[in-house]
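For reference, the chains in residue letters:
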Amino acid sequence: MATMATIFERIGPAMIADPERSCVVVTRCGLITGLVATGLAALAVPAGAATSAVAKFRQEVYPTLEKHCFKCHGPEKQKSGLRLDTLSPDLLKERRAAETWRDVRNAVNLGEMPPDDEPPLGDGDRRALIGWLNTQIDEAIQAQRQAGSGVVLRRLNRFEYSNTMGDLLGIADDYARDLPPDSLSREGFKNNGASQGFSDMQLENYLRVARDALSRVIVSEPEPPIFRERFTEPFKDKGYGPWSATLGRTGTFVASMNEYPKSGEFLVRIKAHAVPHEKMGYPQLSVCVGYRADVSAPFRELGRVDVTSAETQTFEYRGRIEQFPLPVRVQKKYNGLKIWLRNVYNNGTHPESVEPFKVPTAQILIPEKLVDPKDYLTFPQIVIESVEFEGPLFAQWPPAEHRNILFDSARRDRDESAYAHEVLTHFMTRAFRRPVAAEEVKNYFSYYQKIRAQSDSLERALREALAMVLISPDFLYLVETAAPDGRRWLNNHELASRLSYFLTATMPDRELRRLADDGKLVEADTLRRQTRRLLADERSGQLVEHFTDQWLDLGAVDRVAINPEYYPDFDNARKADMRHETQHFFAELLHQDLSALNLLDSDFAMLNEPLARLYGLTGPKGIRFERVALKPDDHRGGLLAQGAFLLGNSTGNDSHAIKRAVWIRKRLLDDPPAPPPPNVPVLDAVSPHFARLPIRAQMELHRKDPACADCHRNIDPWGIALEGYGADARWRDRILRKEKVGDLLQDVLIGVETDAVMPGGDAVSGIDALKRYLLEHKRKQFARALTSRLLAYSLGRSLELGDETTVDELTQQFTKNDYNLGKLIEGIVVSEPFRTK
């Protein structure tokens, strides 16, 4: 990697001449090249051992493969893209070949090879093949463990970068909004160093974000005036209505301010009470900030909360004014900053308005008739008593975020240069997440001095110098150098960063930094205590959110459009609830020390009022997710009955048995089926009355094609058993299909069939039987799959053959500890792969 001294020596003059182009100059001078990781470490293997293994393969194993495998995985045909006749038998030198041979062994052990319609392996052939594979794979594992993993510099992904910027600068914001999307690893993770890229444009965005953020944090203007407003009656905005302090099915309270701050933190305080409806949920108060344009209202929601009491409640919301749409000061027709308050509770009988000042005309009530809301109480209501606005908020000027960087120091007035050097050292230590050497600070300080010579203030010069810190590889990457002769143990500060980004997706906090500075974090007991501390911290919600989102592909719900012709009353707002349902469920298991087997089946669900209503269950009365006990006939419990999985693996018109089956095998069992061949035929939807056939009969037609039969034999049953759920995730006993009759589509209702025969011959019927099958026959495979996924996520890389022993040990501990997620995470943190490079 090019040193920062070299980079600054090259780009310093160019930055001074044209700071706006400095990021491009940095890129062209080799910064991106410097970030490219080195190749995999070479394995030192005795030549004699490799020769002996290859000779044994030729004599004892090759004939078995030729007899049983080359028909489907040889020169003429390569099912699933696998060709064995040319696959290297030297597992010590060929890492990719070793991974493939490991998959071959797993397939043979699971009985998937040879397939059922081919002659089985004889005892002698099986012993020869498995014996050779076991020996060679074990040797490859040991060699890779000694050599260590490849050196992969892992960049902060979007949410890690945004969280880190917020913690470092003291202002929370979406700093990654202009960055390109993160690439996914083969496991579906966004923090895998090998799948990350970097471009000139990306570096330009990083620099622009850094400069903009620092211009808000480090202030140079005088103390601004504080604006305070109080409203007890709504502003009568132009256009639609009604404008009212009583918010029911309709009604909007508007607060309008002609004078307001242009930047800084603000507070909105609301006093309100509810007029509840005993048969409905709590009314929900939505607070939006923005402005009125001629035909639209650009706004952003500041917050949403249940109003639960008939007594006065006080709600406070804080935000940064510059993060909300602001009106043009010369705008006259709809002047002023607006705060809109609405009741957005939806019992499924009315659509939610797209804009806060628009309400469908047919639903407008006459405000005068709402003098006594109880006389017309067909909907839970909110009565707004007062709305207060205050901003900008600061205890003293400059504000705290400024003083955290440009801190008080005796050097400031006595020796400005010495003070700037002190500021840079302190900031770099936090930004790089480790102590910084004097030579490193010198490079940035030299750049600061050049900028200061042309700058009219200390603040402006420091902003530019600190922006360079924020585009440094030491900030953007988790820099962990590898030992030239193999694996090495991480030092205290590297371990602090790895632990913090695993559990909280941001930089180490004060306690982790202190322990790292004291040299105590590398101790196993200290690591365990810190792991428990961070898991108990609310910031561990980042682990829950991002791990579940990526492991289980919860974002699939947003890629599927529910067809209103099939589900006319489905509310798309439930998609976000479905995603949160799974995240809250995982969090409940983690924080309440419950068995991870609940992911396969549970006697409770995590629901809020809208989602419980969608599922036809009685549950919470508000938008907050709560634990709800389930009865056997509720048809819920575990991941397979949750909306994110069911809707995300559907067509939007109907369920999709294949997508659901592949998801189970890939996400829960780490046994993804091979991708379909490019010429795979589609389901024969042109057959007469095809729409009237249950999915099992449709799939049987599909399996008549020999190209499809082998794969679908081990896929279809997993999805057929889940036909009791439609694309909207609701339980059903009839399936709506559309059949073409002439030029028209005609509705067809067919019964639900869920009978299936699982691989191995076990018969199941419906989701309850499928969950029992998973618990009885696949719990060990599930435990190992979950362990592998958590370990890969924690390391920020794909697992290799050398990790097999660790996965086995962690899985055994996980099982012994009653599948406790917290203890599994502790085990990962103190494992050798987590603590080494």
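Refer to the structure printed above.
Residues numbered from 1 in each chain as written. Predicted model: local features only at pLDDT ≥ 70, side-chain atom pairs only at ≥ 80, totals over all residues. Heavy atoms only, no water.

**Describing the overall build of the chain**
So, point 1. Per the secondary structure count, the chain includes 31 helices and 17 strands.
So, point 2. Counting only contacts in the chain whose residues sit at least 6 apart along the sequence, the fraction spanning at least 24 positions is 71%.
So, point 3. Carbon together with sulfur atoms contributes 49% to the accessible area of the chain, which is approximately 37,600 Å² in total. (Helix = DSSP H or I, 4+ residues; strand = E, 2+ residues; numbered from the N terminus. Contact = heavy atoms within 4.5 Å. Areas by Shrake-Rupley, 256 points an atom, 1.4 Å probe, with all protein chains shown as cover.)

**Notes on the packing of aromatic side chains**
So, point 1. Across all of its chains, the model carries 26 aromatic pairs by this definition.
So, point 2. Ring geometry for F198 against Y206: centres 5.9 Å apart, planes inclined by 25°, an arrangement best described as stacked.
So, point 3. We classify Y206 as buried; its relative accessible area is 1%.
So, point 4. One aromatic cluster in this structure is built from F189, F502, F547, W551, F586, Y793 and F834.
So, point 5. Between R627 and the ring centre of F604, over which it is positioned, the NZ or CZ distance is 4.1 Å.
So, point 6. Above the plane of the ring of Y566 lies K738, whose end atom (NZ or CZ) is 5.4 Å from the centre. (Phe/Tyr/Trp six-rings, centres within 6.5 Å; stacked < 30°, edge-to-face > 60°. Buried < 20%, exposed > 50% of the residue type's maximum accessible area, 1.4 Å probe, protein only. Lys NZ or Arg CZ within 6 Å of the ring centre and 35° of its normal.)

**Some words on the environment of H584**
So, point 1. Positionally, H584 belongs in helix 20 (residues 574-591).
So, point 2. A relative accessible area of 34% places H584 in the partly exposed class.
So, point 3. Note: C-alpha distance between H584 and V544 (40 residues apart in sequence) is 8.2 Å.

**A short note on the sheet that holds strand 4 (residues 252-257)**
So, point 1. Across the sheet, which stays open at both edges, the 4 strands sit in the order 4-9-6-7 with antiparallel pairing between neighbours. Every other strand in the sheet has two partners, leaving strand 4 and strand 7 (299-306) as the edge strands with one partner each. This sheet shows a mean twist of 15° between the axes of neighbouring strands, independent of strand direction.
So, point 2. Alignment of strand 6 (residues 284-290) against strand 9 (residues 337-343), held across 6 bridges, turns out to be antiparallel. (Pairing = 2+ DSSP bridges. Axes fitted to C-alpha atoms, helices over the stretch in contact; angles between N-to-C directions.)

**Some words on the pairing of strand 5 (residues 265-275)**
So, point 1. The buried fraction of strand 5 amounts to 8 of the 11 residues, a majority that puts the element mostly inside the structure.
So, point 2. Pairing of strand 5 with strand 8 (residues 313-320) involves 8 bridges; the strand directions are antiparallel. Residue pairing for strand 8: E265 is matched across the bridge by R320.
So, point 3. Note: strand 5 against strand 10 (residues 381-391), 9 bridges, orientation antiparallel.

**A look at the nonpolar core**
So, point 1. Residues F502, L599, L640, I664 and L668 are the most contacted members of the largest nonpolar core, which totals 101 residues.
So, point 2. If you tally residues by element for this core, the top one is helix 28 (residues 779-795), at 8 residues.
So, point 3. Once you skip the residues sitting within four places of it in the chain, I664 turns out to touch L640, F645, L669, W718, L722 and L770.
So, point 4. In terms of nonpolar packing, the next biggest core, distinct from the first, is built from 54 residues, Y206, L424, A467 and M468 among them. (Core = buried A, V, L, I, M, F, W, Y, C linked by side-chain atoms within 4.5 Å.)

**What about helix 12 (residues 416-432)?**
So, point 1. With 17 residues, helix 12 extends 24 Å between its outermost C-alpha atoms, agreeing within 8% with the 24 Å of an ideal straight helix rising 1.5 Å per residue.
So, point 2. Residues of helix 12 that are buried include every one of Y419, A420, V423, L424, F427, M428, R430, A431 and F432, and no others.
So, point 3. Following helix 12 by one or two positions, R433 has its phi on the positive side, about 65°. (Expected span 1.5 Å × (residues − 1).)

**A look at helix 30 (residues 821-829)**
So, point 1. Within helix 30, 8 of the 9 residues are buried, leaving the element largely enclosed by the surrounding structure.
So, point 2. Those residues of helix 30 that sit buried are L821, G822, L824, I825, E826, G827, I828 and V829.
So, point 3. Where helix 30 begins, one side-chain oxygen reaches toward the backbone nitrogen of G822, 3.0 Å away; that side chain belongs to N820. (Polar contact = N/O pair within 3.5 Å; in protein donor to acceptor, adjacent residues only side chain to side chain.)

**Comments concerning unusual backbone geometry**
So, point 1. Here the bond from G391 into P392 is cis, since omega is 0°, no more than 30 degrees from zero.
So, point 2. With respect to the helices and strands, P392 occurs in the loop between strand 10 and helix 10 (400-405).
So, point 3. Cis rather than trans, the peptide bond between W397 and P398 has omega equal to 0°.
So, point 4. Within the fold, P398 resides in the loop between strand 10 and helix 10.
So, point 5. The phi angle at D593 is positive, at roughly 55°, despite the residue not being glycine.
So, point 6. Relative to the assigned elements, D593 resides in the loop between helix 20 and strand 12 (604-607).
So, point 7. Looking at D593, the relative accessible area reads 52%, which means it is exposed.

**A closer look at the environment of F782**
So, point 1. Within the secondary structure, F782 is located in helix 28.
So, point 2. The buried category is assigned to F782, whose relative accessible area is 0%.
So, point 3. Not counting residues within four places of it along the chain, the set of residues in contact with F782 comprises A596, L597, L599, L600, L668 and L669.

**Here's the deal with the pattern of salt bridges**
So, point 1. Under the defined criterion, the tally for this structure stands at 50 salt bridges.
So, point 2. For the salt bridge of R304 with E301, the shortest nitrogen-to-oxygen distance reads 3.1 Å.
So, point 3. On the basis of relative accessibility, which here comes to 35%, the residue R304 falls in the partly exposed class.
So, point 4. Residue classification places E301 among the partly exposed positions, given a relative accessible area of 33%.
So, point 5. Bridged by salt links that share partners, the residues D173, R177, D212, R216, R320, E322 and E401 form one connected network. (Salt bridge = Lys/Arg side-chain N within 4 Å of Asp/Glu carboxyl O.)

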